[in-house]
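These are the residues of each chain, in order.
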Amino acid sequence: MSFHTTDPNMLDSWLTIGPASRLKDASQASPYRTKLLGADVLAWSDAGGNPVAMAAGKLLPLQAAYGYLWVCPSTRPAKPLFSFPEYAEPGRRLVDCDGIGVAVSGLRMVENFLDMGHFPYVHASYLGEVPQTEVAPYEVSIDEVADEIWATECRFFQPRTSKSATTGMEVQYRYRVMQPMSAILYKTAFTYPGHMDAIGLFVQPVSEESVIAYCMLAFFDDATPEVDMIAFQHTIFGQDKPILENQRPKRMPLKPGIEIPTRCDATSVAYRRWLMAKGVTYGAIV
Ligand SMILES: [Fe+2]
């Protein structure tokens, strides 16, 4: 079965099919199997140890980057995979939190990741707390060269910003959207306040209304056991999951005015406009 879309924003893009570690025990006879854009994808390492991916009997361009596997469904990538310089920056600890399945459009998944307004309600005692619910003004800009969205100068009081946090603090945030379904969040490192941890969100669109949302950490944290860092992220994602799965419609309306803008913050508006300008249809209502 081939990919269930004609949207070039998905077909000509590098999309993740999961962590590179999935190929550890995969062979052509017993491949790693997953779904992307409604199609079955098989992947394995060939005799030379090179990763191979196939869908509908055709080989797909595949690269391993940032701990993850990326394929281009159309085999004609429009541009190189986005950069993630923090992944290779000395002093950072890389922790793969793997993925969580969520029955929602990948666009809503990313929009939720960009939304600070839900912290005190959905992530109470962790990323926010009533009555400190105000989202202070921040800057949103488009990097025209890289075609990415940046939200900068964001800040929010957080009771417990990460596993290593022992007290509440005002946390600085920056968001970067590199692709319709990939984003990175930068936030103050609790144990190194002059530095910013990076959290990569890589969304695998399984179908228009279901995803696997993967999370890769590049943190300044020498102390917290890896299992605790992963558990913290899963706690946060586990709080988002039921909220996301109860959203109706599951796909994201892009035309202004169609959806009551309950999350009408500047990043969300910029994200929806950016998607509409690109003509994104997969996971969207246009
Ligand atoms: Fe959340």
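What you see is a predicted model; the values in this text were computed from it and never measured. (Residues numbered from 1 in each chain as written. Predicted model: local features only at pLDDT ≥ 70, side-chain atom pairs only at ≥ 80, totals over all residues. Heavy atoms only, no water.)

1. Describing empty space enclosed by the protein
Item 1. Summed over the entire model, instances satisfying the criterion amount to 3 cavities of 30 Å³ or more.
Item 2. Counted as a void, the largest cavity has a volume near 230 Å³.
Item 3. Lining the largest cavity are 21 residues, with Phe113, Leu127, Leu185, Ile236 and Phe237 sitting closest to its centre.
Item 4. Put simply, the parts of the chain that give the lining of the largest cavity at least two residues each are α2 (106-113), β11 (169-179), β12 (182-189) and α4 (226-245).
Item 5. At 5 residues, the largest contribution of residues to the lining of the largest cavity is made by α4.
Item 6. Here the residues of the lining of the largest cavity are counted per class, giving 12 nonpolar, 6 polar and 3 charged. (1 Å grid on protein atoms, 1.4 Å probe; cavity = no way out; pocket = protein on both sides within 12 Å on 5 of 7 lines; lining within 4 Å. Points joined across faces, edges and corners; volume = space filled by probe spheres on them. Helix = DSSP H or I, 4+ residues; strand = E, 2+ residues; numbered from the N terminus. Nonpolar A, V, L, I, M, F, W, Y, C, P; charged D, E, K, R; others polar.)

2. Brief notes about the side chain of Asn9
Item 1. Within the element layout of this structure, Asn9 appears in helix α1 (residues 8-11).
Item 2. Here Asn9 is in contact with Lys278, Gly279 and Val280, once residues within four sequence places are set aside. (Contact = heavy atoms within 4.5 Å.)

3. So, the packing of α2 against α4
Item 1. For the pair α2 and α4, the least separation of the axes is 11 Å and the interaxial angle reads 130°. Comparing their axes, α4 and α2 come out oblique. The interaxial crossing formed by α2 with α4 has right-handed handedness. Contacts between α2 and α4 pair Arg108, Met109 and Asn112 from the former with Phe237, Asp240 and Leu244 from the latter.
Item 2. Among the residues making up the contact of α2 with α4, the classes are represented as 3 nonpolar, 1 polar and 2 charged. (Axes fitted to C-alpha atoms, helices over the stretch in contact; angles between N-to-C directions. Parallel < 35°, antiparallel > 145°, perpendicular 65-115°, else oblique. Left-handed = near helix turned anticlockwise from the far one by under 90°.)

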